[in-house]
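# Coordinate inspection notes
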Amino acid sequence: MSSFSKSPWIIHYDASSCNGCDIETLACLTPLFDVERLGVVNTGNPKHADIFLVTGAVNEQSNPVIRNIYEQMPEPKVVVAVGACASTGGIFKDCYNVSGGVDSVIPVDVYVPGCAARPEAIIDGVVQALAALEKKQKARS
Amino acid sequence: MARTVIPFGPQHPVLPEPIHLDLVVEDERVLEARPSIGFIHRGLEKLVEKKDYIEFTYIAERICGICSFIHGQTYCQAIEAIMNIAVPPRALYLRTVWGELSRIHSHLLWLGLMADAVGFESLFMHSWRVREQVLDIIEATTGGRVIFGSCKIGGVRRDIDAAGISDMLRKLETIEQEIRRITKVFINDSSIKSRLCGVGVLSREEAYDLGCVGPTLRGSGVAQDMRQLGYAAFADLQVEPITRTEGDSYSRCAVRCDELLQSIDLIRKAMSKIPAGEIEIKVTGNPSGEVTMRTEQPRGEVVYCVKANGTRNLQRFRVRTPTFANLPAVLKVLQGCELADVPVLVLTIDPCISCTER
Amino acid sequence: MAYFEMCRLALKWALTKPPTSRYPFQPRKVIPGSRGQLVFTKDNCVYCTVCAKKCPTGALLVNRAEKKWAIDRLRCISCGYCVDLCPKDSLALSTSHGNAATSRTQEFH
Amino acid sequence: MSIWLRIIVYLVAGPIVGGLLAGWDRRISARMQSRLGPPVFQPFYDVLKLWQKENIVVRRSQNYYILFFLLLVIFTGALFFAGLDLLLVIFALTLAAIFFVLGAFKASSPYSFIGAQRELIQMMAYEPMILLTAIGMYMTTKSFNIQDIASHPTLLVLVLPGIFLGFLYTLEIKFRKSPFDLSCSHHAHQELVQGITTEFSGRTLAMIEIAHWYETVFLLGWVYLFFASVPALGVAVSLMAFLLIILVDNVFARLKWQTALRSAWAVAAVFGFGNILVLSLLRTTPSTSQPAVNVAPLAINAVAPATSAVEPVQKN
């Protein structure tokens, strides 16, 4: 059934990011990019969400928080790492408190490049995540 | 009465950035707020010992995404002060203009977040729509939307030609009208007033004793604005700090709305007086010495302490950011407030957690 | 009274066409001069490894012996430092924002 | 149309019309926010997706509470459109809301706990006005039976202008729209995360959404009841009421629960009770122009305080 690709609800969490990617993720919801036309709604609640947008290279303290949010999300769920920091640790990869990209904590399905990833790049990431969501839903049912 | 502890958690829809508050709540009145921060501490000050001092401007800019340009500008000014490099005046003017543009987009961003926390989604959308027009100007002149990357030691990396300046001023016209309309709604709307007036009152002495800075301090009547120090091109542009006296969330919001219009005037004044000439100067050798540099970020005064020992890497780099100074005020104000006011109070100092925890 | 101001603003926008860009279905409105993905022209390059040494995030890998130049697009922060340093100007920043990847791969040239 | 046919039509058409109204609501409020907004069938996609998602619940009994909530809302709507007793409709509606609140209490997470308490406060806010609406309708049409109210010749809104305004005010609370979206606001950023619906997910959340659709159609049906004698006007006014609520949603910030409760009761007192006072005043003056059809003992003995300001009510 294709209804998954028509109503992807996202939850966004900032795991030690410089909040450049966070305000770009929020900018996706605002009038100029408006991802609600694709059915995307930013629920702040892991129990309602399908796509997990993580920004920032994961530091020690947000490590358990991310795993906690990931486990609270109902199946099928997809993780999108937004920005260079989330994908590979980016410019902070040598810092002592940072444990590299998000994939060192939870499995990541889509990586979005860019330092302060542009809203268009984030929309590309979400669109690719839809395909992964459909695949997981078929595998589950 | 039963006391419940509500985790106003690191992950919360109203907070763009993670801060954890354990709210001890009786009925719906908050008795005590126990914060725990550190969710964004990356430890980037330690990178100074590994990275080349010229290369570190890229990291200094990424301390915080919203006020990224002024971080970069302050770092470059600190290094230039140590090596006493004479930056060409045109570069100083360009830095001032980009600094004011980043103040406008940061205040508009905050206006949207505050409207969203108060449950007014349409105002959030409208203020972020206007902010996109400011970001278009920034992208046209510096190439980056949020992280400009146009400041470097010894000057700036890009110039704005005459056509760029006239195009910018024309766009500023439309932006100013939109800002006037939005701030008029924000100031006069009585449903917003009922949520902001009298909430989180900080008297003049309290604000000063708690060490608040920026709009949080100016909202309580203390006229303290770092732009009066005359760094960059502010020596030629007289900056009159905007203050209010009531000291509640409403007056802090009014201060920020007026600062939006003040920044637009500053850009126009700077653009009219911008001198021609070089935009950068060759930098050689290594810095050695120590300096403290203070500038005005959208959230308040940032203090940079940089210590260099003559090698390619700096010895010590310390930043005291405005939100770090404003956090004690939030904790004091959260005592005895209502649960519905918690997001308003957390957002009233315009927290930038990634600044605070570096 | 500000209600009418907000009513006017809401109704005015309800009747005008929204400025939303239909992004995935229509191409992005590119602003000239915006910093995007790094573009490498192979023939100018002399493999002097300056760009790889100076890259703040270590996104570039240059092998002088085998004349190989590789970039990890997910590490690159489009800062343009390598473009300034390159003596042979074989590097340039395009305006495209690069597409999302499902795996962490490196591009070899 | 026979009662059974009407119930079946409501059961089938209810969610479709409700879903379309929800879709239009999201699209129009998006346009007011200068955005493009989702496609009109978005609520249906959301519910279809939620139906297939995994259902994580704290305690399995939450599902049954929400199932009863949905069934009771459908029962209320069916009662209403079948034209049976109005008071029974009101109390069935309250019972449905109670099940919803119990489901949220069952999840015992601090957010859904406080969300449920706020939902109770909201119910306390709009109950008086809804009861006054029923009393007002009884006084003009002499019966609680919706069938008789609907087929009454006089245009109810002319006789009950205050009650109609008060009812619109409570619609604002019932639709959980902006000034009063205290307990759960669909996709707004709330201090209680999602309030009452925080702990529901998957199929249960889909049931809540469908219950909201049924409730929307039922409440707009009630607005129609005020204009029952001119059907075309009735439908037009209920859609206008819906648009008005969307506009108000985009023009107000969220108020605190104290102001919501106080203002709702103030509106109920001034508009609702004032209107009934005026009605009972006119009724006791010996005006025999209106033959009382079935002479039932007047439920409220008309207390005529001398000082009540008489509203100019045209007698038809």
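Before any of the text, the structure's been laid out above.
### Describing the overall build of chain D
The helix and strand tally for chain D stands at 11 helices and 0 strands. From first element to last, N terminus to C terminus, chain D shows the α and β order α-α-α-α-α-α-α-α-α-α-α. Counting every position in chain D, which comprises 316 residues, the buried fraction comes to 59%. Within chain D, counting contacts between residues at least 6 apart in sequence, those at least 24 apart form 78% of the total. Summing over all exposed atoms, chain D offers an accessible surface of approximately 12,500 Å²; the carbon and sulfur share of this is 75%.

### Topic: helix 2 (residues 68–82) of chain B
Given a rise of 1.5 Å per residue, 15 residues ought to cover 21 Å, and the 22 Å separating the end C-alpha atoms of helix 2 of chain B matches this to within 8%. Looking at the residues trailing helix 2 of chain B, positive phi occurs at Asn-84 of chain B, about 25°.

### Some details on the nonpolar core
Grouped together as the largest cluster of nonpolar side chains are 290 residues, with contacts concentrated most on Phe-52 of chain A, Leu-23, Tyr-75 and Phe-317 of chain B together with Trp-222 of chain D. One finds Phe-40, Ala-52, Cys-55 and Leu-91 of chain C within the second-largest nonpolar core, a separate group that totals 16 residues.

### Description of unusual backbone geometry
With omega at -20°, the peptide bond leading from Glu-75 of chain A into Pro-76 of chain A counts as cis. Within the secondary structure layout, Pro-76 of chain A lies in the loop between helix 3 (62–72) and strand 4 (78–82). One non-glycine residue, Asp-350 of chain B, adopts positive backbone phi at about 55°. Position of Asp-350 of chain B relative to the elements: it lies in the loop between helix 11 (342–348) and helix 12 (353–357). Judged by its relative accessible area of 3%, Asp-350 of chain B is buried.

### Structural notes on a nonpolar patch on the surface
All names here are of chain D. Nonpolar side chains collect at one region of the surface, where Trp-4, Ile-8, Leu-11, Val-12 and Ile-16 lie side by side and expose about 530 Å² of accessible area between them. Topologically, Ile-16 is positioned in helix 1 (residues 3–32). What makes Ile-16 partly exposed here is its relative accessible area of 45%.

### As for the interface of chain B and chain A
With 39 residues of chain B at the interface, the matching set in chain A holds 37 residues. Between chain B and chain A lies a buried interface of about 3,100 Å² when both sides are counted; carbon and sulfur atoms form 65% of it. When the buried surface of chain B facing chain A is broken down by residue, Gln-11, Phe-39 and Arg-42 of chain B rank first, second and third, together holding 21% of it. Here chain B and chain A share 3 salt bridges between them. Residue Asp-94 of chain A is joined to Lys-51 of chain B by a salt bridge in which the shortest nitrogen-to-oxygen separation is 3.7 Å.

### Describing the packing of helix 3 (residues 89–117) of chain B against helix 4 (residues 121–142) of chain B
The relative placement of two packed helices is expressed as an angle between their axes plus a distance between the axes. Residues and elements named next belong to chain B. Between helix 3 and helix 4, the shortest axis-to-axis distance is 8 Å and the interhelical angle comes to 160°. With respect to helix 4, the element helix 3 is oriented roughly antiparallel. Seen along the crossing, helix 3 lies across helix 4 with a hand that is left-handed. Its residues assigned to classes, the contact of helix 3 with helix 4 shows 16 nonpolar, 5 polar and 3 charged.

### Details of the side chain of Arg-42 of chain B
Residues and elements named next belong to chain B. Counting through the fold element by element, Arg-42 comes out in the loop between strand 3 (29–36) and helix 1 (56–61). One buried charge, Arg-42, has no salt-bridge partner; the nearest side chain with opposite charge is Glu-357, at 7.3 Å. Within the structure, the side chain of Arg-42 is placed 3.5 Å from the backbone oxygen of Arg-62, a separation counted as a polar contact. Within the structure, Arg-42 has its side chain in polar contact with the backbone oxygen of Ile-63 (distance 2.9 Å).

### As for the interface of chain D and chain C
Chain D puts 9 residues into the contact, and the matching count from chain C is 11 residues. Both faces combined, the contact of chain D with chain C buries some 930 Å², and carbon together with sulfur accounts for 78% of it. In terms of surface lost to chain C, no three residues of chain D exceed Ser-34, Leu-36 and Val-251 of chain D, which account for 47% of the buried area on that side. There are 0 salt bridges connecting chain D and chain C. In the side of chain D that touches chain C, the residues fall into 5 nonpolar, 2 polar and 2 charged.

Thresholds applied
Residues numbered from 1 in each chain as written. Chains lettered and ligands numbered in written order. Predicted model: local features only at pLDDT ≥ 70, side-chain atom pairs only at ≥ 80, totals over all residues. Heavy atoms only, no water. Helix = DSSP H or I, 4+ residues; strand = E, 2+ residues; numbered from the N terminus. Buried < 20%, exposed > 50% of the residue type's maximum accessible area, 1.4 Å probe, protein only. Contact = heavy atoms within 4.5 Å. Areas by Shrake-Rupley, 256 points an atom, 1.4 Å probe, with all protein chains shown as cover. Expected span 1.5 Å × (residues − 1). Core = buried A, V, L, I, M, F, W, Y, C linked by side-chain atoms within 4.5 Å. Patch = residues over 30% accessible without salt bridge, like charges linked within 9 Å, V, L, I, M, F, W, Y side chains within 5 Å. Salt bridge = Lys/Arg side-chain N within 4 Å of Asp/Glu carboxyl O. Buried area = accessible area lost by both parts, 1.4 Å probe. Axes fitted to C-alpha atoms, helices over the stretch in contact; angles between N-to-C directions. Parallel < 35°, antiparallel > 145°, perpendicular 65-115°, else oblique. Left-handed = near helix turned anticlockwise from the far one by under 90°. Nonpolar A, V, L, I, M, F, W, Y, C, P; charged D, E, K, R; others polar. Lys, Arg positive; Asp, Glu negative; His and termini not counted. Polar contact = N/O pair within 3.5 Å; in protein donor to acceptor, adjacent residues only side chain to side chain.

The values reported here are purely geometric and, on their own, carry no functional implication.
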